[in-house]
Amino acid sequence: MSATRTLEAIKYTPGSLLILDQLALPHETIFEPILNIQDGHAAIKTMKTRGAPAIAIVAALSLAVDVATRAAKHEFKTVPQAVEFLNSSLEYLKTSRPTAVNLFDAAHKLSVVIQDSAKKATSPSEVTDAYINAAEKMLVDDVQDNKNIGKHGAAFIVENCKNKEDIRVLTHCNTGSLATAGWGTALGIIRDLHKNGQLKHAYCTETRPYNQGSRLTAYELVYENIPATLICDSMASALLHQNPSVQAIVVGADRVAANGDTANKIGTYQLAITAKHHNILFIVAAPSTSIDLSTKSGKDIVIEQRPAEELVTITGLLEGKNIPATVRTAAHGVGVWNPSFDVTPSELISAIVTERGVAVKTPGKSEFDMKAFLQ
Ligand SMILES: CSC[C@H]1O[C@H](OP(=O)(O)O)[C@H](O)[C@@H]1O
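Residues numbered from 1 in each chain as written. Predicted model: local features only at pLDDT ≥ 70, side-chain atom pairs only at ≥ 80, totals over all residues. Heavy atoms only, no water.

Per an unreviewed UniProt entry, the chain is named Methylthioribose-1-phosphate isomerase, and its organism is Phycomyces blakesleeanus. Checking UniProt for the chain, the heading Sequence similarities (unreviewed entry) contains the comment "Belongs to the eIF-2B alpha/beta/delta subunits family. MtnA subfamily." Its UniProt record, at the heading Function (unreviewed entry), says of the chain: "Catalyzes the interconversion of methylthioribose-1-phosphate (MTR-1-P) into methylthioribulose-1-phosphate (MTRu-1-P)." (UniProt positions renumbered as here; feature names shortened; annotations may be inferred.)

A. View of the overall build of the chain. Looking only at helices and strands, one finds 11 helices and 16 strands in the chain. Against the globule reference of 21 Å for 375 residues, the chain gives a C-alpha radius of gyration of 21 Å, in line with a compact fold. Referenced to the eigenvectors of the C-alpha coordinate spread, the extents of the chain come out at roughly 65 × 55 × 45 Å. Looking at the 375 residues of the chain, the share that counts as buried comes to 54%. Of the contacts made within the chain by residues no fewer than 6 positions apart, 74% connect residues no fewer than 24 positions apart. (Helix = DSSP H or I, 4+ residues; strand = E, 2+ residues; numbered from the N terminus. Rg over C-alpha atoms; globule rule 2.2 N^0.38 Å. Buried < 20%, exposed > 50% of the residue type's maximum accessible area, 1.4 Å probe, protein only. Contact = heavy atoms within 4.5 Å.)

B. The arrangement of the sheet that holds strand β5 (residues 201–205) in detail. In spatial order, the strands read β6-β5-β4-β7-β10-β15-β16; together these seven strands make up an open sheet with mixed pairing. Each having just a single partner strand, β6 (228–231) and β16 (357–359) make up the two edges of the open sheet. Sheet twist, expressed as the average angle between the axes of neighbouring strands with direction ignored, equals 25 degrees. In the sheet, strand β10 (residues 281–285) pairs with strand β15 (residues 351–354) via three bridges, with the strands oriented parallel. (Pairing = 2+ DSSP bridges. Axes fitted to C-alpha atoms, helices over the stretch in contact; angles between N-to-C directions.)

C. Geometry of the UniProt feature "site: Transition state stabilizer" (unreviewed entry) in the chain. Mapped onto this numbering, the UniProt entry gives "site: Transition state stabilizer" (unreviewed entry) at Cys173. Assignment of secondary structure puts Cys173 in the loop between β4 (168–171) and α6 (186–195). Sequence-distant contacts of Cys173, defined by excluding residues within four places in its chain, comprise Arg50, Thr205, Thr207, Gln212, Gly213, Thr217 and Lys265.

D. Local environment of the packing of helix α2 (residues 52–72) against helix α4 (residues 101–120). Across the interface, α2 lies against α4 with an axial gap of 8 Å and an inter-helix angle of 35 degrees. In this structure, α2 meets α4 at a crossing whose hand is right-handed. Residues Ala52, Pro53, Ile55, Ala56, Ala59 and Ala60 of α2 lie in contact with α4, whose contacting residues are Asn102, Leu103, Ala106 and Leu110. When grouped by side-chain class, the residues that make up the contact of α2 with α4 number nine nonpolar, one polar and no charged. (Left-handed = near helix turned anticlockwise from the far one by under 90°. Nonpolar A, V, L, I, M, F, W, Y, C, P; charged D, E, K, R; others polar.)

E. Spotlight on the pairing of strand β2 (residues 16–20). Relative to β2, strand β1 (residues 10–13) runs antiparallel, the two sharing four bridges. Its bridge partner lying in β2, Lys11 is registered against Leu18. Counting the residues that bridge the hairpin from β1 to β2 gives two residues, and of these Gly15 lies at a positive phi of roughly 85 degrees. In this sheet, strand β3 (residues 31–33) lies alongside β2 in antiparallel orientation, the contact comprising three bridges. Paired with Leu20 across the two strands is Phe31, which belongs to β3.

F. Spotlight on the packing of aromatic side chains. Per the stated rule, a full pass over the model turns up one aromatic pair. Taking 5.5 Å as the distance between ring centres and 45 degrees as the angle between the ring planes, the aromatic pair formed by Phe76 and Phe85 counts as tilted. Phe85 shares its class with Phe76; the two are buried. Against the face of Tyr210 rests Arg215, its NZ or CZ located 4.5 Å from the ring centre. Its end group placed over the ring of Phe341, Lys265 keeps NZ or CZ at 4.0 Å from the ring centre. (Phe/Tyr/Trp six-rings, centres within 6.5 Å; stacked < 30°, edge-to-face > 60°. Lys NZ or Arg CZ within 6 Å of the ring centre and 35° of its normal.)

G. Quick peek at the side chain of Asn338. On the secondary structure map, Asn338 appears in the loop between β13 (324–328) and β14 (341–344). Excluding residues that lie within four positions of it along the chain, Asn338 makes contacts with Pro209, Glu304, Gln305, Arg306, Pro307, Glu310 and Leu311.

H. Examining the side chain of Thr171 more closely. Position of Thr171 among the secondary structure elements: in strand β4. Judged by its relative accessible area of 2%, Thr171 falls in the buried class. Polar side-chain contacts of Thr171 include one of 2.7 Å to the backbone oxygen of Val250. Excluding its chain neighbours within four sequence positions, the residues that come into contact with Thr171 are Ala186, Ile190, Tyr203, Cys204, Thr205, Thr217 and Val250. (Polar contact = N/O pair within 3.5 Å; in protein donor to acceptor, adjacent residues only side chain to side chain.)

I. Structural detail: the packing of helix α3 (residues 79–93) against helix α5 (residues 124–160). At their nearest, the axes of α3 and α5 sit 7 Å apart, and the two run at 30 degrees to each other. Considered as vectors, α3 and α5 are oriented roughly parallel to each other. By crossing handedness, the relation of α3 to α5 is classed as right-handed. In this structure, α3 uses Val79, Ala82, Val83, Leu86 and Leu90 to contact α5, whose residues at the interface are Pro124, Val127, Thr128 and Tyr131. Looking at the contact of α3 with α5 residue by residue, the classes come out as eight nonpolar, one polar and no charged. (Parallel < 35°, antiparallel > 145°, perpendicular 65-115°, else oblique.)

J. Summary view of the UniProt feature "active site" (unreviewed entry) in the chain. As annotated by UniProt and renumbered to match this structure, "active site" (unreviewed entry) occupies Asp254. Within the fold, Asp254 resides in the loop between β7 (246–251) and β8 (255–257). Relative accessible area serves as the criterion here: at 8%, Asp254 is assigned to the buried category. If we skip the residues at most four places from it in the chain, Asp254 touches Ala52, Thr99, Ala100, Val101, Asn102, Ala263, Asn264, Lys265, Ser290 and Phe341.

K. Main features of α3. Across its 15 residues, α3 extends 21 Å between first and last C-alpha, which sits within 8% of the 21 Å expected from 1.5 Å per residue. Buried within α3 are the following residues: Val79, Ala82, Val83, Phe85, Leu86, Ser89, Leu90 and Leu93. Along the long axis of α3, the arc covered by the buried residues comes to 165 degrees, so they all point the same way. Of the surrounding elements, those touching the buried residues of α3 are α1 (37–45), α2, α4 and α5. (Expected span 1.5 Å × (residues − 1). Arc of directions from axis to C-beta.)

Here's what the structure looks like:
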């Protein structure tokens, strides 16, 4: 499959929002309309839409289309009515998933827009228009942020790897166009390395139990014609042991604490441990909207627990038939622990790549100073 079009998980025009149902990928490409905040909340909670930046953008735009519809019917009679609806809707959307800070960052920024526009608004439409414009800008800004992350991250890997002639990179989960508004964060770095002719090979983990790697990242890598190999999560250490040309592990982030501790997809922490053992780069890639200075360290990050059935069953297409099927893979009666994320301590992280540049630790320090980095 050649990349004739840019992969996109979010299709938005004023008053209309479609999301790519990522539970159906890679077998089916199904775009689902999002008409209101209830649709937006459900798409995020069920992980039809997932990925820290995409969660924030779909939440913001679901409210934009909801409020556009209501404003067209002149539902808001006063400025306070519009303000109340917008603010209560943001609070509702924030309950969809707890770990990725991008959603909360976006909600805070949008609430400031609402508050500021209300101070001088003479009609409710001035407030709703200000909200819609701000939400739409998030969609545009995210793509440019990711392009900058790709550029900074690729340069950092080339500058700091041991063998520039044979750069192979392992990534975890999905951090590409399907997790963002486009290009991606960690996968954006891989896209940049490939575009620059600097990448020999990419490896992606399956990323159990949702299988973001085998279903989504593999799909993106094939789509872009990037030479890639899929491995089980349990194969990562053996890969690094057998293949010293894998010189970096690059992952995304759902929340980066002030000291650099990073919450990311479950399985990230053990990748950081094996990167340390094999003395290779372990790089976190995320927009600055994933950095939460109010969270001092990783122990303060709330980790989402997902339903047991997501781990004990697997859904796909019956081989050779276009019939979706869900099968149980685990023994009945067994207990299940299904945290969606884990926390990688800052001492295991080589660098944190953002659209503003690359954060590194002061030599001799085991923690990052993300507040100083963002200033
Ligand atoms: C650029 S996406 C960041 C982050 O989000 C993913 O989690 P999920 O698929 O559960 O939304 C994964 O942790 C990615 O690294």
